[in-house]
Amino acid sequence: MTPLLETKGLTKVYARRGSSREAVHQVSFRLDPGEALAVVGGSGCGKSTLARLVTRLTDPTAGEILLNGRPITHLRGGALRQVRRQVQMVFQTPAASFDPRQTLADAVAEPLRNAGLARRQANARALALLAECGLDPALGSRRAAEVSGGQCQRAAIARALAIGPQLLVCDEITSALDVTVQQQILALLAKLRAECGLSFLFISHDLALVQQFCDRVLVMQDGRLVEEGPVTQVLTRPRHPATRALIDAAL
């Protein structure tokens, strides 16, 4: 099976005023179609940088990224826009990712209009997407600041789904939500996975959510991939001290 997403020696170095910091070092992994792959690790370990690299929001310093077996590492312009139709990201603080002047429905409809759909069709599809994500379409007339965190995150997921991606990259998307809403969002993701065949790169510090939702897990420390494997195996029989420390901290 060709991996949906694969990285080879992915590295990111940030250089500032004569100094440099390696945020991601030689990370190689694969994510198969239909899979939910977790990335876990302590704060500052490189999880979010990795997410931005594979979505091409940040350019790598070295290494390669492949989508459906095709290199996407250096794409620009229209070719990169095509990649972003297939790979979408949902952020930790959804309200910050919305234009504060836009209604939720307008924000969900925007990528549809950009893809060439007529305004009326895009608006109708946006309301349907909000409903599919468990929101009353009436909330489409509100702005991000006028709804709850959970409602805003559902709208962000609806927007990410608008152009039919194969992969959702979820960067700590439940960390700012209370436990009940976390479970509702996780149930929504599971529903989308079952009904749409979506794949997920699920970045989280919450090992309980990872165990509940994901098939495999990558453990990062100081920008490096230090352990990987099936979730149950890694979390019950950890081999690396960083993994054991994460498990101990969660107890």
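Computed from a predicted structure; not experimentally measured.

(A) Up close: the overall build of the protein chain. Within the protein chain, the regular secondary structure consists of nine helices and ten strands. What you see for the protein chain is a C-alpha radius of gyration of 18 Å, in line with the 18 Å of a compact globule of 251 residues. Taken along its principal axes, the extent of the C-alpha atoms in the protein chain is 55 × 45 × 40 Å. Counting only residues that meet the buried cut, the protein chain has 48% of its 251 residues in that class. Looking at the protein chain alone, contacts between residues at least 24 apart form 65% of all its contacts between residues at least 6 apart. Carbon and sulfur atoms form 48% of the exposed surface of the protein chain, whose accessible area is close to 11,900 Å².

(B) Fine view of the packing of aromatic side chains. Following the criterion strictly, the structure yields two aromatic pairs and no others. Geometrically, the ring pair formed by Phe200 and Phe213 is edge-to-face, given 5.2 Å between the ring centres and 75° between the ring planes. A residue pair is termed long-range when its members are at least 10 positions apart, and Phe200 in strand β8 (residues 199-203) and Phe213 in helix α7 (residues 207-213) qualify at 13 residues. Taking the centre distance of 5.4 Å and the plane angle of 55° together, the rings of Phe202 and Phe213 count as tilted. Taken together, the residues span a long stretch of sequence, with Phe202 in strand β8 and Phe213 in helix α7 at a distance of eleven residues. For Phe213, a relative accessible area of 7% corresponds to the buried category. Site record: aromatic cluster; members linked through ring pairs are Phe200, Phe202 and Phe213. Sitting over the face of the ring of Phe213, Arg193 holds its NZ or CZ atom 5.9 Å from the ring centroid.

(C) Helix α5 (residues 149-161), seen in detail. Its 13 residues place the ends of α5 18 Å apart at the C-alpha level, agreeing with the 18 Å of an ideal helix rising 1.5 Å per residue. With respect to burial, α5 is a largely interior element, eleven of its 13 residues being buried. Among all positions of α5, only Gly150, Cys152, Gln153, Arg154, Ala155, Ala156, Ile157, Ala158, Arg159, Ala160 and Leu161 are buried. Of the surrounding elements, those touching the buried residues of α5 are β6 (87-90), α3 (104-114), α4 (119-132), β7 (167-171) and α6 (179-196).

(D) Local environment of the pattern of salt bridges. Under the criterion given, the structure shown has ten salt bridges. Linking Arg56 and Asp59 is a salt bridge whose minimum nitrogen-to-oxygen distance equals 2.8 Å. Between Arg193 and Asp215 there is a salt bridge, and its shortest N-O distance comes to 2.4 Å. With Arg193 in helix α6 and Asp215 in the loop between α7 and β9 (216-221), the pair connects residues that are 22 residues apart, well separated along the chain. It is possible to trace a salt-bridge network through shared partners that takes in Glu35, Arg216 and Glu228.

(E) Quick look at the environment of Gly63. Along the chain, Gly63 turns up in strand β4 (residues 62-67). Sequence-wise, Gly63 and Leu235 are 172 residues apart; in three dimensions their C-alpha atoms are separated by 29 Å. Once residues lying within four places of it in the same chain are set aside, the contact partners of Gly63 are Lys8, Gly9, Leu10 and Thr73.

Thresholds applied
Residues numbered from 1 in each chain as written. Predicted model: local features only at pLDDT ≥ 70, side-chain atom pairs only at ≥ 80, totals over all residues. Heavy atoms only, no water. Helix = DSSP H or I, 4+ residues; strand = E, 2+ residues; numbered from the N terminus. Rg over C-alpha atoms; globule rule 2.2 N^0.38 Å. Buried < 20%, exposed > 50% of the residue type's maximum accessible area, 1.4 Å probe, protein only. Contact = heavy atoms within 4.5 Å. Areas by Shrake-Rupley, 256 points an atom, 1.4 Å probe, with all protein chains shown as cover. Phe/Tyr/Trp six-rings, centres within 6.5 Å; stacked < 30°, edge-to-face > 60°. Lys NZ or Arg CZ within 6 Å of the ring centre and 35° of its normal. Expected span 1.5 Å × (residues − 1). Salt bridge = Lys/Arg side-chain N within 4 Å of Asp/Glu carboxyl O.

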